Amino acid sequence: MKINDVFNSYTRKEKSAIYKVIKKYKLSGTSPIIQKYEQKLSNFFNSSYAVALSSGTAAIHCALFVLEINDGDEVIVPPIAPIMTLIPLLQQKAIPVFVDCKNDQFSYDILALEKCITKKTKAIITVPMWGYPYEYSELIEICKKNKIYLIEDNAQAHGTIYQGKVIGNNGVISCYSTHNRKILSTGEEGFILTNNLDIYNRVKAFSKFGNMDFKTFGVNYKLSALQAALGIERIKKINWQIRVREKNARDVLSELNNKYIEEINYPKNSKPNYYSLVLRFKSVNDVLKIRKRMNNKGIPSDVIRYKLKPLYEYPLFEDWKNDCGNAEKLVNSITTIPVHPGIKNKDKQFIITVLNNIISEI
Ligand SMILES: *Cc1c(COP(=O)(O)O)cnc(C)c1O
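Here the structure is a predicted model, which means the values were calculated and not measured.

(A) Highlighting the site of the ligand. Around the ligand, a shell composed of 13 residues is seen, among which Gly 56, Thr 57, Asp 153, Ser 177 and Lys 182 lie nearest. Between the ligand and the protein, one listed contact pairs an oxygen atom with a side-chain N or O atom of Thr 57 at 2.5 Å. A distance of 2.6 Å separates an oxygen atom of the ligand from a polar side-chain atom of Lys 182. Summarising the interface, the protein chains cover 94% of the accessible area of the ligand, which totals 380 Å² for the free molecule. Where the shell around the ligand is concerned, the elements lending two or more residues are α3 (56-66) and α4 (83-91). Within the shell around the ligand, the residues separate by chemical class into four nonpolar, six polar and three charged.

(B) Fine view of unusual backbone geometry. Non-glycine residue Gln 163 carries a positive phi angle of around 45 degrees. Within the fold, Gln 163 resides in the loop between β6 (161-162) and β7 (165-166). Here Phe 214, not a glycine, exhibits a phi torsion of approximately 60 degrees, which is positive. The residue Phe 214 is located in the loop between α7 (197-207) and α8 (225-235) in this model.

(C) Fine view of the environment of Glu 135. Mapped onto the fold, Glu 135 is located in the loop between β4 (121-126) and α6 (136-146). Residues Glu 135 and Ile 110, 25 residues apart in the sequence, show an inter-C-alpha distance of 9.7 Å. Those residues within four positions of Glu 135 in sequence are excluded, and the remaining contacts are Lys 102, Ser 107, Tyr 162 and Pro 267. Here Tyr 162 takes part through its side chain, which lies 2.5 Å from a polar atom of the side chain of Glu 135.

(D) Broad picture of the pairing of strand β12 (residues 277-281). The buried fraction of β12 is high, at five of five residues. Here β12 shows no split at all, with Leu 277, Leu 279 and Phe 281 on one side and Val 278 and Arg 280 on the other all buried. As judged from the three bridges shared by strand β10 (residues 261-263) and β12, these two strands associate in the antiparallel manner. Residue pairing in the sheet places Ile 261 in a bridge with Phe 281 of β12. Where β12 meets strand β13 (residues 334-337), four bridges bridge the pair, whose relative direction is antiparallel. Bridge pairing in β13 places Arg 280 opposite Ile 334.

(E) Structural detail: a positive patch on the surface. On the surface, Lys 20, Lys 24, Lys 36 and Lys 40 cluster together into a patch of positive charge. Mapped onto the positive patch, the elements with two or more residues apiece are α1 (12-24) and α2 (32-44). Among the secondary structure elements, Lys 40 is positioned in helix α2. Residue classification places Lys 40 among the partly exposed residues on the basis of a relative accessible area of 36%.

(F) Focus on helix α9 (residues 238-255). Look at α9: 26 Å from first C-alpha to last across 18 residues, which is about the 26 Å you get at 1.5 Å a residue. Residues Ile 238, Gln 241, Ile 242, Arg 245, Glu 246, Asn 248, Ala 249, Val 252 and Leu 253 constitute the buried set of α9. Around the axis of α9, the buried residues are gathered within 165 degrees of arc, so they sit on the same side. Every exposed residue of α9 that faces more than 90 degrees away from the buried side is listed here: Arg 243, Lys 247 and Ser 254.

(G) Main features of α1. Look at α1: 18 Å from first C-alpha to last across 13 residues, which is about the 18 Å you get at 1.5 Å a residue. Listed as buried for α1 are Glu 14, Ala 17 and Val 21. One side of α1 holds all its buried residues, which, seen down the axis, span an arc of 60 degrees. Turned more than 90 degrees from where α1 packs its buried face, Arg 12, Lys 15, Tyr 19 and Lys 23 sit exposed. Structurally, α1 contributes buried residues whose contacts are with α2 and α8.

Here is what the cut-offs are and how they apply
- Residues numbered from 1 in each chain as written.
- Predicted model: local features only at pLDDT ≥ 70, side-chain atom pairs only at ≥ 80, totals over all residues.
- Heavy atoms only, no water.
- Near = heavy atom within 4 Å.
- Polar contact = N/O pair within 3.5 Å; in protein donor to acceptor, adjacent residues only side chain to side chain.
- Areas by Shrake-Rupley, 256 points an atom, 1.4 Å probe, with all protein chains shown as cover.
- Helix = DSSP H or I, 4+ residues; strand = E, 2+ residues; numbered from the N terminus.
- Nonpolar A, V, L, I, M, F, W, Y, C, P; charged D, E, K, R; others polar.
- Contact = heavy atoms within 4.5 Å.
- Buried < 20%, exposed > 50% of the residue type's maximum accessible area, 1.4 Å probe, protein only.
- Pairing = 2+ DSSP bridges.
- Patch = residues over 30% accessible without salt bridge, like charges linked within 9 Å, V, L, I, M, F, W, Y side chains within 5 Å.
- Salt bridge = Lys/Arg side-chain N within 4 Å of Asp/Glu carboxyl O.
- Lys, Arg positive; Asp, Glu negative; His and termini not counted.
- Charge placed at Lys NZ, Arg CZ, Asp CG, Glu CD.
- Expected span 1.5 Å × (residues − 1).
- Arc of directions from axis to C-beta.

In structure tokens, the structure reads:
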């Protein structure tokens, strides 16, 4: 048996929406359907403005560019993040400052974070891995006090809830991807959200050759009309997806031997979107072996797929190595479980049996 780790299904409605665009609209990023899509995005996330872009990485680059984060500026980042969060920092020649997480969740260790703030600190980036929210209120305070920006990389966190609200408005800009693996997926694409009109205008200009005014610098990060059409249809299904994912996660958790396994922790009054269920093995030494065995049995783990370790352990980032003991321990004690709507009852049963068997043998 092989459990599929991406949810891929499309409906007749999606097909006819794309067909209609081909027949009726311009296909480029200046097509009127782009504006319609941006309206739907800002509505869904309760944000004032959205700008549709060609990728999640482009969204992060836009954020850094318009906030004027450049050569030598420091940006606080988590060591447990995908490489894509960091690439735009290197593009801007900014300096990543890796700050440790708390000992039981992805959220920043606030004491460690405060010690890393210097005169050069321009921003803090949050990355809710697999849709597990950070503790934002303490970060918002720190940002206010130190006059630095909070940037959300929510590429995996469409619809994640914090203090009763969908995240996306905690920072000055939030960045999203709609790559094939994400909960809102259009293949390749991204967008930003903001409540600041000036920032919105600057992202628009930067992503469209500086509005071609021949005064303003800009690149081409526009997305195509076909993807906007698909996005408009799929926004409607985000909440349904999250409900199914949560139910699947609950079903799996309720049957696992919880003496050894628990769900990773997250802030109170919040709710992950279950991009993946993240399990933490308690007092188990050889999680590496467990993950490999699960993978061989056909239960894929993102920890294996992405060769996940603290980013500063890779050559590209080793110059900025920092002491992040909690993150190092956490990475070695977790695994992810697919819980998307393509997971059927027999898949859940299989996951439970395999995991409980492995656990009983250690
Ligand atoms: C997917 C992802 C990105 C990059 O998005 P792309 O659309 O692939 O460029 C950035 N950050 C995180 C956390 C992601 O999961």
